[in-house]
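Breakdown of the fold
Here are the chains, one letter per residue:
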Amino acid sequence: MNMCKILSVALLGICVLLFGCKKERLSENDNSSIVEITVCNSKGELLENQLVKMYDEATYETFKEKQTTKALCEVMTDKNGKATFVLERQKWFAGTKSRELMFVVLDALDAANYAWWSKGGTVTAGQKQSFKIEVDRQKAGEKTAESLFLMEDGVLKGIKDKNVSQVILPTEVKSIAPGAFWESNVESLVLNEGLESIGVQAFARCKKLVSVSFPSSLKVIEKHAFEDCVALAKLNLSKTHVEEIGSNAFRETGLKSVAFPSSLKKIGPQVFLKTQLENVVLPAEVQEVGPEAFREVVTLKSVTLPNNIQKIGWQAFYGCTKLENVNYTGSMKSANGVVESAAFEGCEALTRIILPQSVAEVQEGIFIECPRLKQIILPESVKKIGGYGLRTNYSVEKIVFKGYEPPALEETSLPFVDDITSIVVPKGKLEAYKAAYADYHKIMVENP
């Protein structure tokens, strides 16, 4: 009898387990299908920033006759060469368990001539599947150079058909001439390894440009190179060897994020003016942020500066109304830096700022119209502060001096006595600061 009970319990447990597994499988089938496309070249190297298009049976047949056929869905490959399509069951598999789908990488050679590579097959609802597309651009590239571009001694001087939407530069391009793609309709751009410089206004006003793949060989981006590329939202320069970005290079683009190269030393004037950047982290080697470089980036929330920066230019972050955090990172090598006039003027959300240790001079009106700024922390290296240098036109809770010698001030450098709660000075230097700034001696305290 006991044995029967044991068998009954065991049988019941097995039934519950089987039923549970069955329910889990049904639940999985209710989920989206995930199709992962890997794109590589003939050598097996994974290809980043490749636009992969998806077609069903009907649209693929149309595509084979007319390569401008609109895709059902498009996804860019990531740094691992993978494009991931998430296909919702209700949208893509209504009334069916599977579909025949094809995935295509397309290169435009000219307005009527295309090279393309595809893979695909049966995709089942609720399952994850993978396909691999191998791209061989050697022959396509030869035809591209001949039929699409105006070339001379490695210099790409222009494009014959400005209506081409997808461009892959041939390997022989060493530089792109000024205005080469001015106001073209290019949407996807792959710059070749071997390219070293992008000229003045080379891609200016390419308002449909969505993606650009930059090569490691790139060293120069000239002024206005991508100005007014309003659809360009993401920029990855991390593999390049660019040391300076020319003035206005990405002005008034749609940029929301930028990955900078470690080689970068200078950002020119107005480079990112009126873009849509949200967070900026500058590499350790950056020495200079030019005048108005990030002016009126009203979406910007945080900035990380190099601790060795030598120049933050006039109105560099002027009117960044959502900027809340300014930090620094890295080591200080030279304490001769300057923060130029009005660098952070109009940063309405800024509450606290710690200037990099390399700063020696703070010029005029740095923080004017920063109504929420309550704490300003100045490094030991600061030796001079200009007129209105630490005023905001509002009350400030605390200014912290870390220098053992009081910096030279102008009469208007500090806030009015009634507009500041405390001035904190290094331990053992209280008397020196009181003597230097006599009108403020009552609110001075030593750093504990």
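Before reading on, note that the structure itself is shown above.
These notes cover the structure that comes with them.

What follows concerns the layout of surface pockets. By volume, the second largest pocket is sized at about 470 Å³. What lines the second largest pocket is a set of 24 residues, among which Lys-53, Glu-74, Ser-165, Gln-166 and Glu-187 lie closest to the centre. Breaking the lining of the second largest pocket down by element, the ones donating at least two residues are strand S2 (51-56), strand S3 (73-76) and strand S5 (98-110). Here the element with the most residues in the lining of the second largest pocket is S2; it accounts for three residues.

This next bit is on the environment of Phe-317. Topologically, Phe-317 is positioned in the loop between strand S23 (311-312) and strand S24 (325-329). As a C-alpha pair, Phe-317 and Val-289 span 28 residues in sequence and 9.6 Å in three-dimensional space. Once residues within four sequence positions are removed from consideration, Phe-317 is found in contact with Phe-294, Leu-300, Val-303, Leu-305, Ile-312, Ala-343, Phe-344, Glu-345 and Cys-347.

Phi at Glu-292 takes a positive value of approximately 60°, unusual for a residue other than glycine. According to the relative accessible area criterion, Glu-292 is buried, its value standing at 13%. Unlike most non-glycine residues, Ala-342 shows phi in positive territory, near 60°. Looking at where Ala-342 falls in the secondary structure, it is placed in the loop between strand S25 (337-339) and strand S26 (352-354).

Here we take up the sheet that holds strand S4 (residues 82-87). Pairing in this open sheet of three strands is mixed, and the strands run S4-S1-S7 from one edge to the other. Looking at which strands have only one partner, the edges of the open sheet turn out to be S4 and strand S7 (128-135). Within the sheet, the average angular offset between the axes of one strand and its neighbour, ignoring direction, is 20°. With eight bridges connecting them, strand S1 (residues 33-41) and S7 associate as parallel partners. By the bridge assignment, Cys-40 is partnered in S7 with Glu-134.

Take helix H2 (residues 57-65) next. If you check which residues of H2 are buried, you get Thr-59, Tyr-60 and Phe-63. Relative to the axis of H2, the buried residues are bounded by an arc of 105° and lie together on one face. Among the exposed residues of H2, those oriented more than 90 degrees off its buried face are Glu-57, Ala-58 and Glu-65.

Enumeration according to the criterion identifies 20 aromatic pairs in this entry. For the ring pair Phe-149 and Phe-181, a centre distance of 6.3 Å and an interplane angle of 65° mean the geometry is edge-to-face. Within this pair, whereas Phe-149 is found in strand S8 (residues 149-152), its partner Phe-181 is found in the loop between strand S11 (175-176) and strand S12 (188-190), the two being separated by 32 residues in sequence. With respect to class, Phe-149 is no different from Phe-181; both count as buried. In textbook terms, an aromatic cluster arises when at least three aromatic residues are bridged by ring pairs, as seen for Phe-149, Phe-181, Phe-203, Phe-214, Phe-226, Phe-250, Phe-260, Phe-272, Phe-294, Phe-317, Phe-344 and Phe-367. The ring of Phe-416 has Arg-391 lying over it, and the distance from NZ or CZ to the ring centre is 4.0 Å.

Calculation notes
- Residues numbered from 1 in each chain as written.
- Predicted model: local features only at pLDDT ≥ 70, side-chain atom pairs only at ≥ 80, totals over all residues.
- Heavy atoms only, no water.
- 1 Å grid on protein atoms, 1.4 Å probe; cavity = no way out; pocket = protein on both sides within 12 Å on 5 of 7 lines; lining within 4 Å.
- Points joined across faces, edges and corners; volume = space filled by probe spheres on them.
- Helix = DSSP H or I, 4+ residues; strand = E, 2+ residues; numbered from the N terminus.
- Contact = heavy atoms within 4.5 Å.
- Buried < 20%, exposed > 50% of the residue type's maximum accessible area, 1.4 Å probe, protein only.
- Pairing = 2+ DSSP bridges.
- Axes fitted to C-alpha atoms, helices over the stretch in contact; angles between N-to-C directions.
- Arc of directions from axis to C-beta.
- Phe/Tyr/Trp six-rings, centres within 6.5 Å; stacked < 30°, edge-to-face > 60°.
- Lys NZ or Arg CZ within 6 Å of the ring centre and 35° of its normal.

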